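Residues per chain are reported as follows:
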Amino acid sequence: MSKTSSGGMDRIDLMRTFIRIKESGSLSAAAQQMQTSQPTVSRRLQTLERLLGAKLILRTTHAMKLTDDGERCYRHAKLLVERWNALEDELHGAEDEPEGTLRVRAPHAFGQDQLIAPLTAYLQRYNNMSVDWMLNDRTPDFIAEHIDCMIQVGEITDPSMVAVLLAEVPRIVVASPALLARFPAIREIDDLACFPWVALSTFYRNEITLRHEKDDRQYRFEIKPKMSTDSLYAACKAVENGLGLALVSSWLVNEAIKEDRLVPILPQWRATPLPVYLVYPYASYYPTRLLRFLELIRKVMPELSGTQPPGL
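Residues numbered from 1 in each chain as written. Predicted model: local features only at pLDDT ≥ 70, side-chain atom pairs only at ≥ 80, totals over all residues. Heavy atoms only, no water.

In the annotation of an unreviewed UniProt entry, the chain is listed under the name LysR family transcriptional regulator and assigned to Rouxiella chamberiensis. Per UniProt, the chain carries the Sequence similarities (unreviewed entry) text "Belongs to the LysR transcriptional regulatory family." (UniProt positions renumbered as here; feature names shortened; annotations may be inferred.)

Laid out in structure tokens, this is it:
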């Protein structure tokens, strides 16, 4: 097919545009993601429909729906584009030297602290790579937001995702010296229920479960938090200011403990470590930039300060 007959684009690019329209939900969203204009996206759609001799999308003022032909076209287009990308990577030698932009979602605290070292190593190793490093604790819409992968701390709830277990994060109970000075000394695990608490709402709100590291005894008790937050940094700062006890990731408080700003409470009692996963959608083809990032982070994650290999 000549460039003239396709409006200046080849079939692969037209299918890429159609895929983006379907996955983003609208022509305007597709245009924004592709950094072009809505009329341009509309012309590409019309060209593809003309080439195939079929109506692919039904549009009204407020909605967009794929026709039956559009659904069939989308399934075939995804497979064809994935195979084309794999061919390009193979012919260009990209299996050895990735290039392009990797879009990664990571938790706020972990993503701006512990993960910067492996991210830097990845970028220094591959000169033709760049990374969009987006810090957000919510699970993204991988397709609509064009996310390659996500680093998640905590259990996986979506079975449709590929989840690679990288490491675990130990958690301990801490308090400030100022808080401890206002209450009777903590001698037994039962004493913890009498203290004010700061809750990390992402992982616990009204109940704490701790396990003894030597004899595997388990102790569960209810709490009434003085403060609940989804920010690990905010929780730690509130604890340092004497608001209450908190159960937090040990890596974040190691320095504060060394500087006597925080005190570990009954250190033989710990919560179940939090798993750290690399998560990405199932696909028949994965870009080299993602595979190389997975290789690197699987190696370095258990070696980071404050993490441990799974199952320890």
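Continuing now.
Across its full length, the chain holds 10 helices and 13 strands. In terms of overall dimensions, the chain has C-alpha extents of about 80 × 45 × 30 Å along its principal axes. Buried positions account for 45% of the 312 residues belonging to the chain. Sequence-distant contacts in the chain: of pairs separated by 6 or more residues, those separated by 24 or more amount to 73%. Counting 37 positive and 39 negative side-chain charges, the chain places the centres of these two groups 5 Å from one another. (Helix = DSSP H or I, 4+ residues; strand = E, 2+ residues; numbered from the N terminus. Buried < 20%, exposed > 50% of the residue type's maximum accessible area, 1.4 Å probe, protein only. Contact = heavy atoms within 4.5 Å. Lys, Arg positive; Asp, Glu negative; His and termini not counted. Charge placed at Lys NZ, Arg CZ, Asp CG, Glu CD.)

Attention now moves to the nonpolar core. Ranked by internal contacts, the top residues of the largest apolar core, which has 67 residues, are Leu192, Trp197, Leu210, Leu245, Leu278, Phe293 and Met301. Top element by residues in this core is strand β6 (residues 161-175). It accounts for nine residues. When near neighbours in sequence (up to four residues on either side) are disregarded, Phe293 contacts Leu102, Val104, Tyr122, Trp133, Cys149, Ile151 and Leu278. Of all hydrophobic cores here, the second largest spans 20 residues; its members include Ile19, Tyr74, Ala77 and Val81. (Core = buried A, V, L, I, M, F, W, Y, C linked by side-chain atoms within 4.5 Å.)

Here we take up the side chain of Ser42. Along the chain, the position of Ser42 falls in helix α3 (residues 38-52). Among residues more than four places away in sequence, those in contact with Ser42 are Leu27 and Arg59.

Further remarks concern helix α6 (residues 116-125). Taken together, the buried positions of α6 are Pro118, Leu119 and Tyr122. Take α6 and look down its axis: the buried residues cluster within an arc of 105°, on one side only. In α6, the exposed positions angled more than 90 degrees off the buried face are occupied by Ala117 and Gln124. The inward-facing, buried residues of α6 abut β3 (100-106), β4 (129-135) and α10 (288-300). (Arc of directions from axis to C-beta.)

To continue, consider the packing of aromatic side chains. Counted under the stated rule, the structure contains seven aromatic pairs. Ring plane angle 55° and centroid distance 5.8 Å describe the contact between Trp197 and Phe221, whose orientation is recorded as tilted. Of this pair, Trp197 sits in the loop between α7 (177-181) and β7 (198-200) while Phe221 sits in strand β9 (residues 218-222); the two residues are 24 residues apart in sequence, bridging distant segments of the chain. A relative accessible area of 0% means that Trp197 is categorised as buried. With a centroid separation of 5.2 Å and an interplanar angle of 80°, the aromatic rings of Tyr280 and Tyr286 are classed as edge-to-face. Aromatic ring contacts, followed pair by pair, group Tyr122, Tyr126 and Phe293 into a single cluster. (Phe/Tyr/Trp six-rings, centres within 6.5 Å; stacked < 30°, edge-to-face > 60°.)

This next bit is on the packing of helix α1 (residues 11-24) against α3. Direction vectors running N to C along α1 and α3 enclose 115°, while the axes themselves pass 9 Å from each other. The two elements α1 and α3 cross, and the hand of that crossing is left-handed. When α1 is examined against α3, the residues Leu14, Met15, Thr17, Phe18 and Ile21 are found in contact with a partner set consisting of Val41, Arg44, Leu45, Thr47, Leu48 and Leu51. (Axes fitted to C-alpha atoms, helices over the stretch in contact; angles between N-to-C directions. Left-handed = near helix turned anticlockwise from the far one by under 90°.)

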